[in-house]
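Understanding the architecture of this molecule
Residues per chain, in single letters:
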Amino acid sequence: MSVLDIKGVTKQFGGAVRAVDDFSLTVGDGELVCLLGPSGSGKSTLLRMIGGFETPSSGSITIDGEEVIHLPPERRPTGMVFQSHALWTHMNVFKNIAFGLKLRRRPADEIKRRVDTVMELVGLTGYGSRQTHQLSGGQQQRVALARSLVLEPKILLLDEPFASLDQHLRERLREEVRDIQQRLKITTLFVTHGQDEALSMADRIVVLHDGRMEQVAAPDMLYREPATPFVAGFIGTMNLIEGNVSGGNFSRLGFSHALPVADGPAIFAVRP
Amino acid sequence: MTLGATSDIVGTKTQGRGLIGLLLVAIPVVLVAWMVIYPIISAVVTTLWMPDANGTDAFTLKTYRFFFSDGYSLANLQLTLWTTALCGIILLVVCLPIALYLRFAKGRLAAYVQGLAIFPLFVPSIILSYAFIRVLGPNGMVDIILNAMHLPKIRTPYLTPWGPLIGLVWDHIPLTVLILLAGLGVVSDASVEAARDVGAGRFRVFWNIILPKLGNSILVAVSFAVLGIFSSFTLPYVLGPAAPEMMGPFMQRTFRDLYDAPNAITQAVISFFFCIVFGLFYVRSVVKNQRGRG
Amino acid sequence: MATEGFVARPRIDWIGIAFAVVLTLVIIFPLLVVGTWAFANVWRYPNLVPQEFGLRYWYQTLARPDVWQAITTSISLAVSVTAISAVVCLPAAFAFARLQFPFRSLLFFSFIAGQAFPKFGLLVAIAGIFLSLNLIGTFWGVVLIQLVGTLLYMIWIPVAAFQSVDRRMEEAARDVGASPLRVFWSITLPQAGPTIAAAVLLTFVNTFYETEGAWLIGAPQVRTMPILMISFINNQPVIQYGAVLSVILWLPSFFALLFARRVISGGSFARGFGA
């Protein structure tokens, strides 16, 4: 139900190093966009800027047309699920989820109704009185998700939420989150460094490298038509052969292949 | 724990935060400045700048000259130095084996020993003094037991220089053990095992592997003990002889009973002087530790 | 260095047993003797155990006005000092842990300044100042001097506590809409709470037993329980009064033992002393 518009956002942490370099993206209503890239590509920094935990050095971020850069995190219509789930260990599950509603001074019966609904949504019915340390890793992440969803944020931000879970659990939670996201039609931004996660969940994927956007496209487009050598090497398995093109022919050592591109050095990418 | 980066949590406005921070820490900082730094400077100044024969203030060393020419004062100083040095040595001899044992032993017995070693922290010196007299004093428990076994009596250390010595050692065991244990924590099991693997026996392991790494902790433990023992008051006052007495009771008597503030403060400055090396070293260690961690 | 797997026969920890026996004798035994005296109606030399047990001296000690006066003085002193220390130091600790301001590091480490000097010498230097301020022999003079002794640990321990609160928890709270002040109240304080509570408890106990400052500044007008104890040791021919007073006096320490023991046994406590 909301549109996220990022324009020319740059983040510089002292010195010349740019964690995020002139990044622009529009996320459409109800879309799930994955920010994919290796460690240090700037994806988490970008997410934190959207959530309000970092301030961009330049650029603008608007949600539904409203500039949010000057808003502190507690006033932004975003909900963040942290990698370390960041549950409040001194509160039980119910209180963790209800805290945001309590801050908004909702009446007690409304709080109970909404918390129960969202607990059912994430599959944790009946867990309200459990303490956080009594939960498994997967259950803790569900609570973190519920905590954000109960407030019906305009933009849902997920920062590598499944990184600390085992493969099997990761795949299951991945499907559940995608399912919930599509049911609620909530605009979502999902950070990960695992391409299978991105390829299976996202409507569109943004590939990041050294703070810059390499390509943004739907998963199959990314796979079939990578725009840069980095994306080609990063997505799927790929053989990269360096050689030369002359007269419409790519050649390297004894191998040649007709290629309708301009002359000059080139990299020939072939999927096995 | 270092005084590391501050979090973003107090909001994006960074101006004006400096003032709030300073205001919040103002009172404790002022207290430290007024009640620690200022008295030390004042003590040195007031004992060096006093009214002379004409009543005008002048630079003078007369109280210091008095102290160092007065047999009684010198005897007290000597007793204090003797007690402090001996305490330090005994503490190391007693606590190092305990710390070594605790570092490498596991199990319930080791936990019990550790609990015992730490226990004196929870016994206030007053109760310790009283217990000391009840056990080692005249007609104390030791006397009773020796008597029951028909053994000759031993002379009680109560009201001799050995009284405070025993008490001070007892009192300082926990922190010395803890400091040494923390220092031993730096020595990894792997380095010890590697040494034993190439054939080092227990003594060699201690001398060549553990001791070099432990050096700093030992110095810290000694400094901490020296600073505590040199001017300690309660145990020497209750358990020690009336003369010579340690610097603590001496200062107290000069100040309160003799109403002689200038000489008492002189004695305090002299004890600062004797401890300054240990004090600086100790503070430097703490600061380095706090900075280097976290 | 325990070996796992096949062990022919459990090795006996002779060294451990030796330490345990010696330390039990040296540390526990004297306190047992005091405890026995407290419950001895009659114990005449050379008996190994009291001839008669009983609570007679408990009634007698608790009937003494000087004992009650010392108890109230000690408690009111400890409560005042701890309360003032908490109010003054905890906000400062939060500032040191989380806010940025000029001279932050320097001011933080200035609290260790007092530790560089022999304690009683420092007390005498302070007493010199108090003399000119007419604070000798007053309740608030003793409060002030004991307060200074609490500053280091009431600042450094809470700073460590505040800094160890997981920042993500605070960010998550802001994410759901909590203002910075609300985050402090609902998240930071409860998370840092147990450690801060231990620091407050230790401060109370240490102040309760503080003898040197109280003696130097307060005696004889302000008499705390430790000071009363000293006078019992020096002037009191009846042994049991001291024994009973010792047991009563040990109660706060006993509670500290129960609640702060784990904090003290941890390596971080000793590292706070510079290990």
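Residues numbered from 1 in each chain as written. Chains lettered and ligands numbered in written order. Predicted model: local features only at pLDDT ≥ 70, side-chain atom pairs only at ≥ 80, totals over all residues.

**A short note on the overall build of chain A**
- Summing up its helical and strand segments, chain A has eight helices and 14 strands in all.
- Judged by the C-alpha coordinates and their principal axes, chain A covers about 75 × 40 × 35 Å.
- Residue burial in chain A is summarised as follows: out of 272 residues, 39% are buried.
- At a minimum sequence separation of 6, the contacts of chain A that also span at least 24 residues come to 61%. (Helix = DSSP H or I, 4+ residues; strand = E, 2+ residues; numbered from the N terminus. Buried ≥ 20, exposed ≤ 12 C-beta atoms within 10 Å, placed from the backbone. Contact = placed C-beta atoms within 7 Å.)

**Section: the packing of helix α2 (residues 93–103) of chain A against helix α3 (residues 108–121) of chain A**
All names here are of chain A.
- Running from N to C, α2 and α3 cross one another at 130°; their axes reach a closest spacing of 10 Å. Classified by the angle between their axes, α2 and α3 sit oblique to one another. Relative to α3, the crossing made by α2 is right-handed. For the pair α2 and α3, contact is made by Phe-94, Ile-97, Ala-98, Leu-101 and Lys-102 and by Ile-111, Arg-114, Val-115, Val-118 and Met-119, respectively.
- When the residues that make up the contact of α2 with α3 are grouped by side-chain class, the tally is eight nonpolar, no polar and two charged. (Axes fitted to C-alpha atoms, helices over the stretch in contact; angles between N-to-C directions. Parallel < 35°, antiparallel > 145°, perpendicular 65-115°, else oblique. Left-handed = near helix turned anticlockwise from the far one by under 90°. Nonpolar A, V, L, I, M, F, W, Y, C, P; charged D, E, K, R; others polar.)

**Things to note about the pairing of strand β12 (residues 249–252) of chain A**
Residue and element names in this part refer to chain A.
- Across three bridges, strand β11 (residues 239–246) lies against β12 in antiparallel orientation. If you follow Ser-246 over to β12, its bridge partner there is Asn-249.
- Linking β11 to β12, which pair antiparallel, is a turn of two residues; within it Gly-247 sits at a positive phi near 60°.
- Pairing analysis gives four bridges linking β12 to strand β13 (residues 255–258), with the strands arranged antiparallel. From the neighbouring strand, Phe-250 faces β13, where its bridge partner is His-257.
- Counting the residues in the hairpin turn of β12 and β13 gives two residues, including Leu-253, whose phi is positive at 50°. (Pairing = 2+ DSSP bridges.)

**Remarks on the interface of chain C and chain B**
- With 89 residues of chain C at the contact, the number on the chain B side is 100 residues.
- Top element by residues in the side of chain C that touches chain B is helix α1 (residues 14–38) of chain C. It accounts for twelve residues.
- Considering only residue class, the side of chain C that touches chain B consists of 64 nonpolar, 17 polar and eight charged.

**A few points about unusual backbone geometry**
- The step from Ala243(B) to Pro244(B) runs through a cis peptide bond, and the omega angle for that step is -5°.
- With respect to the helices and strands, Pro244(B) occurs in the loop between α10 (234–239) and α11 (247–257).
- Of note, the phi angle at Lys185(A) is positive, near 55°, even though the residue is not glycine.
- Here Lys185(A) is to be found in the loop between α5 (167–184) and β8 (187–192).
- Classification of Lys185(A) by C-beta neighbours within 10 Å gives exposed; the count is 12.
- Phi angles above zero are rare outside glycine, and Asn139(B) is one such case at about 60°.

**A closer look at the confidence of the model for chain B**
Residues and elements named next belong to chain B.
- When pLDDT is averaged along chain B, the result is 85; 93% of the residues meet or exceed 70.
- Within chain B, helix α8 (residues 189–197) has the poorest average pLDDT of any element, 77, and helix α3 (residues 71–104) the best, 93.
- For residues 7–15, every residue scores under 50 in pLDDT, and the model assigns this stretch 16 contacts once sequence neighbours within four places are set aside.
- For this predicted complex, the interface confidence score (ipTM) comes to 0.81, while the overall pTM stands at 0.76. (pLDDT = per-residue confidence, 0-100.)

**Considerations on the sheet that holds β13(A)**
All names here are of chain A.
- Ordered by their spatial adjacency, four strands build an open sheet running β13-β12-β11-β14, and the pairing between neighbours is antiparallel. Each end of this open sheet is capped by a strand with a single partner; those strands are β13 and β14 (264–270). Across the sheet, the mean angle separating the axes of adjacent strands is 35° when strand polarity is ignored.
- Here β11 pairs with β14 via seven bridges, running antiparallel. Bridged to Asn-239 within β14 is Val-270.

**A closer look at the nonpolar core**
- Cys34(A), Leu35(A), Ala93(C), Val124(C), Ile155(C) and Met229(C) are the most contacted members of the largest nonpolar core, which totals 236 residues.
- Here this core takes 16 residues from helix α6 (residues 139–163) of chain C, the largest share from any one element.
- Those residues within four positions of Ala93(C) in sequence are excluded, and the remaining contacts are Ile155(C), Pro158(C), Val159(C) and Phe162(C). (Core = buried A, V, L, I, M, F, W, Y, C linked by C-beta atoms within 7 Å.)

**Description of the domain arrangement of chain A**
- According to the domain assignment, chain A contains domain 1 (4–225) and domain 2 (237–270).
- Placing a centre on the C-alpha atoms of domain 1 of chain A and another on those of domain 2 of chain A gives a separation of 41 Å. (Domains from an automatic or database assignment.)

**Overview of the sheet that holds strand β5 (residues 66–67) of chain A**
Residue and element names in this part refer to chain A.
- What the four strands build is an open sheet, ordered β2-β1-β4-β5; its pairing is antiparallel. For this open sheet the edge positions go to β2 (18–27) and β5, each flanked by a neighbour on one side alone.
- In the packing of helix α1 (residues 43–51) onto the sheet, the strands contacted are β1 (4–12), β2 and β4 (58–63), and the crossing angle to β2 comes to about 60°.

**Section: the packing of helix α3 (residues 65–98) of chain C against α6(C)**
Residue and element names in this part refer to chain C.
- Where α3 meets α6, the axes come as close as 7 Å, and the angle between the chain directions of the two elements is 40°. With respect to their mutual orientation, α3 and α6 come out oblique. Note on packing geometry: the crossing formed by α3 with α6 is right-handed.
- When the residues that make up the contact of α3 with α6 are grouped by side-chain class, the tally is 20 nonpolar, five polar and one charged.

**With respect to the environment of Ala225(B)**
Residue and element names in this part refer to chain B.
- Here Ala-225 lies in helix α9 (residues 202–230).
- The class of Ala-225 is buried, set by 25 C-beta atoms lying within 10 Å.
- When the C-alpha positions of Ala-225 and Gly-88 are compared, they lie 6.7 Å apart, and in sequence the two are 137 residues distant.
- Beyond its immediate chain neighbours, meaning those up to four positions away, Ala-225 contacts Cys-87, Gly-88, Leu-91, His-172 and Thr-176.

**Focus: the confidence of the model for chain A**
- In this model, chain A carries a mean pLDDT of 87, and residues with pLDDT of at least 70 account for 100%.
- Here β14(A) stands out as the element of chain A with the lowest mean pLDDT, 77, in contrast to α3(A), whose mean of 94 is the highest.

**Digging into helix α7 (residues 167–175) of chain C**
- Of all nine residues that make up α7(C), seven are buried, and the element is covered over most of its length.
- Taken together, the buried positions of α7(C) are Met169(C), Glu170(C), Glu171(C), Ala172(C), Ala173(C), Arg174(C) and Asp175(C).
- The secondary structure elements touched by the buried residues of α7(C) are α1 and β6 (78–81) of chain A together with α8 (180–209) of chain C.
- Taken from the residues just after α7(C), Gly177(C) is the one with a positive phi, measuring 115°.

**Focus: α3(A)**
- The end-to-end C-alpha distance of α3(A), which contains 14 residues, comes to 20 Å, matching closely the 20 Å that a straight helix rising 1.5 Å per residue would cover.
- Check the buried side of α3(A) and you find it contacts α2 and α4 (137–149) of chain A. (Expected span 1.5 Å × (residues − 1).)

**Re the domain arrangement of chain B**
Residues and elements named next belong to chain B.
- Each assigned domain of chain B is listed with its residue range as follows: domain 1 (1–60) and domain 2 (71–292).
- Taking only C-alpha atoms into account, the centre of domain 1 sits 31 Å from that of domain 2.
- On the side of domain 2, seven residues touch domain 1, which itself brings seven residues to the contact.
- In terms of residue count, helix α1 (residues 17–48) provides more of the side of domain 1 that touches domain 2 than any other element does, four residues in total.
- Here the side of domain 1 that touches domain 2 is composed, by residue class, of four nonpolar, three polar and no charged.

**Describing the environment of Val245(A)**
Residues and elements named next belong to chain A.
- Here Val-245 lies in strand β11.
- Taking the C-beta count within 10 Å as the criterion, Val-245 has 21 such neighbours and is therefore assigned buried.
- For the pair Val-245 and Asp-263, spaced 18 residues apart in sequence, the C-alpha to C-alpha distance is 4.9 Å.
- Setting aside its immediate chain neighbours within four residues, Val-245 contacts Phe-250, Leu-259, Val-261, Asp-263, Gly-264 and Ala-266.

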